[in-house]
Amino acid sequence: KFQETQAKTVGLIFNDNTSIMVPNYQRNYSWESNESSKDGCKICDLWNDLVEKFNDFQKDPENIESGEYLLGPMVFVVDRNHQRNIEIVDGQQRLATLTILFCAARDIILELNPDITYAEISVIHQIIQNSNLAREGQTRIRQRWKLILNQVVNLKFEKYIQRYVVKDRPIEESKDESTDNYYENCKKIGYFKEQIKS
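Residues numbered from 1 in each chain as written. Predicted model: local features only at pLDDT ≥ 70, side-chain atom pairs only at ≥ 80, totals over all residues. Heavy atoms only, no water.

(A) Spatial organisation of the overall build of the protein chain. Counting its secondary structure elements, the protein chain contains 6 helices and 6 strands. Along the chain direction, N to C, the helices and strands of the protein chain fall in the order α-β-α-β-β-α-α-β-β-β-α-α. Counting over 198 residues, the protein chain shows a buried share of 34%. The long-range share in the protein chain, meaning contacts at least 24 apart out of those at least 6 apart in sequence, stands at 55%. (Helix = DSSP H or I, 4+ residues; strand = E, 2+ residues; numbered from the N terminus. Buried < 20%, exposed > 50% of the residue type's maximum accessible area, 1.4 Å probe, protein only. Contact = heavy atoms within 4.5 Å.)

What follows is the structure in structure tokens.
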């Protein structure tokens, strides 16, 4: 069974037009506090590790390996009935956390740049969703999310994390656009923190 073991980048895992399904027998997404982690929080550990690797790469961009980060082993099983589905047996928490980070990045980019085109943000969209052109020359439409959690949590994950909803701008006048953007993003980050807690 493990003859097909291979090293893959996150980009390759998310890049093809498949959906990664969490089987219903798997536990719900939950990366709670853990005494064995550095900060008592697995999400914080992952984030800090990614930031550290990014900083290493910034210091030495010629050395690609300085920015590499090993997420650890993951186990996938191809669904023989639906070739476009892959079940994830091990690695759900890591992929779901990365999806949350990609969705948060997408939301912040869209809020800071309301006039951005799909082409300019297509790379991050392709990580979050499978999509096709509606018609030749038109915008792309989502067919399926890349990551589909189990039935218990998937509706909330889709509604509060994967889907982007344009938020109303604050009613009060702001001094300048950068202050307004900062306010919007603080609100968004606070919202994501609350959703992750619940």
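(B) Up close: the packing of helix α3 (residues 92-112) against helix α4 (residues 118-128). Two elements in contact, α3 and α4, have axes separated by 10 Å at closest approach and are oriented at 150°. Pair α3 / α4 crosses with left-handed handedness. Of the residues in α4, those touching α3 at Phe102, Cys103, Ala105, Arg106, Ile109 and Leu110 are Ile121, Ile124, His125, Ile127 and Ile128. (Axes fitted to C-alpha atoms, helices over the stretch in contact; angles between N-to-C directions. Left-handed = near helix turned anticlockwise from the far one by under 90°.)

(C) Layout of a nonpolar patch on the surface. Together, Tyr25, Val77 and Val89 give the surface a local cluster of nonpolar side chains, amounting to about 290 Å² of exposed area. With respect to the helices, strands and loops of the structure, Tyr25 is situated in the loop between β1 (19-21) and α2 (42-59). Among the residues examined, Tyr25 registers a relative accessible area of 62% and is labelled exposed. (Patch = residues over 30% accessible without salt bridge, like charges linked within 9 Å, V, L, I, M, F, W, Y side chains within 5 Å. Areas by Shrake-Rupley, 256 points an atom, 1.4 Å probe, with all protein chains shown as cover. Salt bridge = Lys/Arg side-chain N within 4 Å of Asp/Glu carboxyl O.)

(D) Expanded view of the sheet that holds strand β6 (residues 147-148). One open sheet holds the 4 strands; their spatial order is β2-β3-β1-β6, and the pairing between them is mixed. Looking along the sheet, the strands with just one partner apiece sit at the ends: β2 (75-78) and β6. As judged from the 2 bridges shared by β1 and β6, these two strands associate in the parallel manner. Counterpart to Ile20 in the pairing with β6 is Leu147. Where α3 meets the sheet, it contacts β1, β2, β3 (85-90) and β6, and its direction lies at approximately 120° from that of β3. (Pairing = 2+ DSSP bridges.)

(E) A look at α2. With 18 residues, α2 should reach 26 Å at 1.5 Å per residue; the first-to-last C-alpha distance of 26 Å fits that figure. The complete set of buried residues in α2 reads Ile43, Asp45, Leu46 and Asp49. Take α2 and look down its axis: the buried residues cluster within an arc of 165°, on one side only. (Expected span 1.5 Å × (residues − 1). Arc of directions from axis to C-beta.)

(F) Region of interest: the confidence of the model for the protein chain. Residues with a pLDDT of 70 or more make up 78% of the protein chain, whose mean pLDDT is 78. The secondary-structure element of the protein chain with the lowest mean pLDDT is helix α6 (residues 177-197), recorded at 68, while β6 shows the highest, at 92. Ignoring residues within four places in sequence, the model shows residues 168-178, a span with pLDDT below 50, making 10 contacts including any to other chains. (pLDDT = per-residue confidence, 0-100.)

(G) Quick peek at the packing of aromatic side chains. Tallied over the entire structure, the rule returns 1 aromatic pair. Pairing Phe14 with Phe102 gives two aromatic rings, centres 6.1 Å apart and planes at 85°, and the pair type is edge-to-face. Remark: Phe102 occurs in helix α3 and Phe14 occurs in helix α1 (residues 10-15); sequence separation between them is 88 residues. Among the residues examined, Phe14 registers a relative accessible area of 1% and is labelled buried. For Phe102, a relative accessible area of 22% corresponds to the partly exposed category. (Phe/Tyr/Trp six-rings, centres within 6.5 Å; stacked < 30°, edge-to-face > 60°.)

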